[in-house]
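# Geometric and topological summary
Next come the chains, spelled out residue by residue.
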Amino acid sequence: MQRWPVVLFLAWVCFLFFAGIGLFMSGFLLTRIELASSSSCSDPLVPPLWERQSLPPGSCWAPQRFSKAVLVIIDALHFEFARFDPAKASPLPYENKLGVLHQLATSQPRHARLYRFRADPPTATMQRIKGLTTGSLPTFIDVGSNFASYAIQEDNLLAQLVQNGRRVVFMGDDTWEGLFPKKFFRSYFFPSFNVKDLHTVDDGILQHLYPTVDSGEWDVLIAHFLGVDHCGHKHGPDHPEMAKKLTQMNEMLRSLVDHLGNDTLLLVAGDHGMTETGDHGGDSEKEVNAALFVYSRTPLFGSGPPEEPETIPQVNLVPTVALLLGVPIPYSNIGEVMAELFTGDSDAVSAALQQLSVYHINAKQVDRFLQSYSLVAQDLPAEQLQHLQELFSSAVEEHTQLLTQIYKRMQESQKSRLERGSCRATVAAYGLGSVYSAALVIALTLLGFLLMLLHSERLSFAFLLLFVEAFVLLHIHTCARGLAGDAELFSVPWYAVISWLLAASQFFYSTGHQPIFPAIHWNAAFVGFHLDHSTNLLPAVLVGANTFASHILFAVGCPLLLLWPFVCEVSTSQRKKPKKESREELQEVEEHMMEMRLRESPEEFSTALLRLGLKYLFVLGAQLLACVCAAMILRRHLMVWKVFAPKFLFESLGFVVSSICLLLGISLVMRVDCAVSTWFSQLRLR
């Protein structure tokens, strides 16, 4: 017997089989290399500098639109389960059961919208969770790990949320525990293996859902319900148990909406669909056709929904949610942002700019991933990669040109309005109507808090009354000026100055002070200091600020007597404006409103400030003169050194403090005017 030829021939046949199996697996069971890189806030993928300046604190790459988000995953939520058709008289058990989605979408079309949420095969739960969190396309090689999950190592949405300090709370399918170990601020996992159990996971979630939402101790809440999926596996979609389970989900969503705040985004999604027998895992139309519902109490969309729900890939959810919550897009994402969610209440120009900005960020992120992946995988054809790079470069160039054109159009429009109005300010365009008073109010607020720290806690209410009385005086003064008309617009009457100074004197006593030395609050010298001072200058300043707090605040705020009538002018003018007047005429009137009228007459503006300062000093001087006369006439009085002399000293120091603070307040207004003038000069040159 020829043994070796037989063995070798059989080995050769086995090798041919092995080679065939390997060749088939290499094409059918695709694999994908997971990159270890991750995105961060410091990545150079942000918009141009002039867009970046508007980013609020805590936002990365794009302004944060929502501070909280709730993601409700209803496993195997087919699109037909979420669609509501009122015309159907006898719906099937799985039809018209989620009526709350239809109610929200029709009653609040700019707040809610239903999408076809197209899943990528394989439509198994673990692969869909990976796709919903990484923005990538898991491959068939992962199917075997559906019930033996392993942690996701590549960059994902949960990792970005945790990395940026967000509290993520999870409840539901315990598959997430293996995929994201130690990623949750709080978690409630329930066993998912028994597909015949329709209620354990769902009832466990409902036990914790509403108390968790109401507690507020979360930033992102994820709830993964399994009852619909298990009902499909056990009974199929066309069964009364499916109607009961969908009705339970409808009531859950109805209650959940009532618990949400204005700063919360609600996402209701299915990870995949199901066939007529309730199965899933393949790539049939029924298996990949899931549903996504988006809702917020604040407007999300700039227009109403289309007649037919739009179809979006599931990977698009990752970059959209990331930018809406103000965190970086995961590194390996290949999804496209849902730009319509970035419009809200903004006007058309602002909405278009915001959409361009998020598209710019998304495109640069995807281009970065393609470049990195091609270097590692070495399986992307060089010609196609070069073609993609050319397309991206062309898109970036067109994006830059478009932004430049929009910016130039805005400049040209503003410049033409300046020239047409003889350099009169366009208040509506740049919001400069209260530029002077805003600076003063901010300064007074900061001063008020600092001076309040030098007083005891029981005097905090006195400071509140101080600001309230100052506002009331300004409002009364404005109403009186409105009756006088434009003839006295640049002149502050004597009664306003006198009442302002009397209020300062009143609150000298209201804050616990008296013009005698024993009543000085010496403990103010040690506020913020535990040990003795090395010099007497600092404690003297602290005690002086405590004593003359009312003089400081009212003196710095004195220019408001001139500015406040202009700030309140806009509402009066709009009430008097006839409704039939054209938009152009109304725009021309608005250009003359508020504090920018002062810049139309710079000489009168300077004169008005000078007159106001002189009137204030004159009344202060009259008060000081009265004290001088009282001290002189009563110089031989028994109480002259105990009452009248201290009163004179306090009035003298109050005059000095008020004079200095008056100069500071007027100087602040002039500094703002100088900055505004420089800005307008630069605008004309452009």
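Values in this document were obtained by computation on a predicted structure and should not be read as measured data.

## Side note on the sheet that holds strand β8 (residues 311-313)
- The sheet built from 8 strands is open, its strands ordered β4-β3-β5-β1-β6-β7-β2-β8 with mixed pairing. Bordering the open sheet on either side are β4 (186-190) and β8, each of which pairs with just one other strand. Sheet twist, expressed as the mean angle between neighbouring strand axes with direction ignored, is 20 degrees.
- The pairing of strand β1 (residues 68-74) with strand β5 (residues 220-225) spans 6 bridges and is classified as parallel. Its bridge partner lying in β5, Ala-69 is registered against Val-220.
- Lying on the sheet, helix α10 (residues 240-259) is in contact with β1, β5, β6 (264-269) and β7 (289-296); it crosses β1 at an angle near 175 degrees.

## Observations concerning the nonpolar core
- Grouped together as the largest cluster of nonpolar side chains are 51 residues, with contacts concentrated most on Trp-500, Phe-554, Leu-561 and Tyr-616.
- Not counting residues within four places of it along the chain, the set of residues in contact with Leu-561 comprises Leu-474, His-477, Val-492, Ala-496, Val-497, Trp-500 and Leu-612.

## Considerations on the pairing of strand β3 (residues 168-173)
- A large share of β3 lies buried, amounting to 6 of its 6 residues.
- One ladder, built from 5 bridges, connects β3 with β5; its direction is parallel. Looking across to β5, one finds that Val-168 is bridged to Val-220.

## Concerning unusual backbone geometry
- Its identity is not glycine, yet Asn-96 carries a phi of approximately 60 degrees, on the positive side.
- Topologically, Asn-96 is positioned in the loop between α3 (79-82) and α4 (99-107).

## Focus on the packing of aromatic side chains
- Inspection of every chain in the model, using the stated rule, returns 15 aromatic pairs.
- Look at Tyr-436 and Phe-605: their rings are 5.4 Å apart centre to centre, the planes differ by 65 degrees, and that puts the pair in the edge-to-face class. Of this pair, Tyr-436 sits in helix α16 (residues 435-453) while Phe-605 is found in helix α25 (residues 602-633), placing the two residues 169 residues apart along the sequence.
- Classification of Tyr-436 as buried rests on a relative accessible area of 1%.
- Taken together, the ring pairs connect Phe-170, Trp-176, Phe-180, Phe-184 and Phe-189 into an aromatic cluster.
- The ring of Trp-218 has Lys-68 sitting right over it, with the charged end atom 4.6 Å from the ring centre.
- The ring of Phe-301 has Arg-113 sitting right over it, with the charged end atom 3.9 Å from the ring centre.

## What to know about the packing of helix α18 (residues 494-510) against helix α20 (residues 549-556)
- Two elements in contact, α18 and α20, have axes separated by 8 Å at closest approach and are oriented at 155 degrees. It follows that α18 is roughly antiparallel to α20 by the angle criterion. Helix-helix and strand crossings are classified by hand; for α18 and α20 the assignment is right-handed. For the pair α18 and α20, contact is made by Trp-500, Ala-503, Ala-504, Phe-507 and Phe-508 and by Ser-550, His-551 and Phe-554, respectively.
- When the residues that make up the contact of α18 with α20 are grouped by side-chain class, the tally is 6 nonpolar, 2 polar and no charged.

## Considering the confidence of the model for the chain
- Residues of the chain with pLDDT of at least 70 account for 83%, and the chain-wide mean is 81.
- Contacts of residues 142-149 to residues separated by more than four positions or lying in other chains number 16 contacts, the stretch itself having pLDDT below 50.
- Per-residue pLDDT stays below 50 along residues 570-592; that stretch engages in 21 contacts with residues further than four places along the chain or on separate chains.

## As for the pattern of salt bridges
- Evaluated as defined, the whole model comprises 11 salt bridges.
- A salt bridge links Glu-95 to Lys-88; the shortest N-O distance between them is 2.5 Å.
- Here the residues in one salt-bridge network are Glu-80, Arg-83, Arg-116 and Glu-308, joined through shared partners.

## Structural notes on the environment of Leu-664
- Take Leu-664: it is sitting in helix α26 (residues 640-685).
- For Leu-664, a relative accessible area of 53% translates into the label exposed.
- Along the chain, Leu-664 and Ala-555 lie 109 residues apart, while their C-alpha atoms are 8.7 Å from each other.

## Here's the deal with a nonpolar patch on the surface
- A cluster of nonpolar side chains, contributed by Phe-461, Leu-464, Leu-465, Val-468, Phe-471, Val-472 and Ile-476, occupies part of the molecular surface with about 660 Å² of accessible area.
- Examined against the element boundaries, Phe-461 turns out to sit in helix α17 (residues 460-484).

## Here we look at the side chain of Ser-39
- Locating Ser-39 in the fold gives a position in the loop between α1 (3-28) and α2 (49-52).
- The exposure class of Ser-39 is buried, given its relative accessible area of 0%.
- Of note is the side chain of Ser-39, whose polar atom sits 3.3 Å from the backbone nitrogen of Tyr-331.
- Ignoring sequence-local partners within four residues, the contact set of Ser-39 consists of Trp-61, Asp-155, Gln-160, Gln-163, Pro-328, Ile-329, Pro-330, Tyr-331 and Arg-368.

## Some points on the side chain of Thr-212
- Inspection of the secondary structure puts Thr-212 in helix α8 (residues 200-215).
- With a relative accessible area of 6%, Thr-212 lands in the buried category.
- Ignoring sequence-local partners within four residues, the contact set of Thr-212 consists of Val-169, Met-171, Tyr-188, Trp-218 and Leu-221.

## Section: the pairing of β5
- Counting buried residues in β5 gives 6 out of 6 residues, a clear majority hidden from the surface.
- The side-chain alternation of β5 yields two buried faces, one formed by Val-220, Ile-222 and His-224 and the other by Leu-221, Ala-223 and Phe-225.

## Overview of the state of the cysteines
- According to the stated counting rule, one finds 1 disulfide in the structure shown.
- Here Cys-41 connects covalently by a disulfide to Cys-60, the sulfurs 1.6 Å from one another. Taking the sign of the torsion about the S-S bond as the criterion, the disulfide between Cys-41 and Cys-60, at about 70 degrees, is right-handed. Taken together, the residues span a long stretch of sequence, with Cys-41 in the loop between α1 and α2 and Cys-60 in the loop between α2 and β1 at a distance of 19 residues.

## Let's talk about the environment of Thr-320
- Tracing the chain through its elements places Thr-320 in helix α12 (residues 317-324).
- Owing to a relative accessible area of 1%, Thr-320 belongs among the buried residues under this scheme.
- Sequence separation between Thr-320 and Ala-339 is 19 residues, and the spatial gap between their C-alpha atoms is 7.9 Å.
- Apart from residues no more than four positions distant in its own chain, Thr-320 is found in contact with Glu-336, Val-337, Met-338, Leu-341 and Phe-342.

So, how was this worked out
- Residues numbered from 1 in each chain as written.
- Predicted model: local features only at pLDDT ≥ 70, side-chain atom pairs only at ≥ 80, totals over all residues.
- Heavy atoms only, no water.
- Pairing = 2+ DSSP bridges.
- Helix = DSSP H or I, 4+ residues; strand = E, 2+ residues; numbered from the N terminus.
- Axes fitted to C-alpha atoms, helices over the stretch in contact; angles between N-to-C directions.
- Contact = heavy atoms within 4.5 Å.
- Core = buried A, V, L, I, M, F, W, Y, C linked by side-chain atoms within 4.5 Å.
- Buried < 20%, exposed > 50% of the residue type's maximum accessible area, 1.4 Å probe, protein only.
- Phe/Tyr/Trp six-rings, centres within 6.5 Å; stacked < 30°, edge-to-face > 60°.
- Lys NZ or Arg CZ within 6 Å of the ring centre and 35° of its normal.
- Parallel < 35°, antiparallel > 145°, perpendicular 65-115°, else oblique.
- Left-handed = near helix turned anticlockwise from the far one by under 90°.
- Nonpolar A, V, L, I, M, F, W, Y, C, P; charged D, E, K, R; others polar.
- pLDDT = per-residue confidence, 0-100.
- Salt bridge = Lys/Arg side-chain N within 4 Å of Asp/Glu carboxyl O.
- Patch = residues over 30% accessible without salt bridge, like charges linked within 9 Å, V, L, I, M, F, W, Y side chains within 5 Å.
- Areas by Shrake-Rupley, 256 points an atom, 1.4 Å probe, with all protein chains shown as cover.
- Polar contact = N/O pair within 3.5 Å; in protein donor to acceptor, adjacent residues only side chain to side chain.
- Disulfide = S-S within 2.5 Å.

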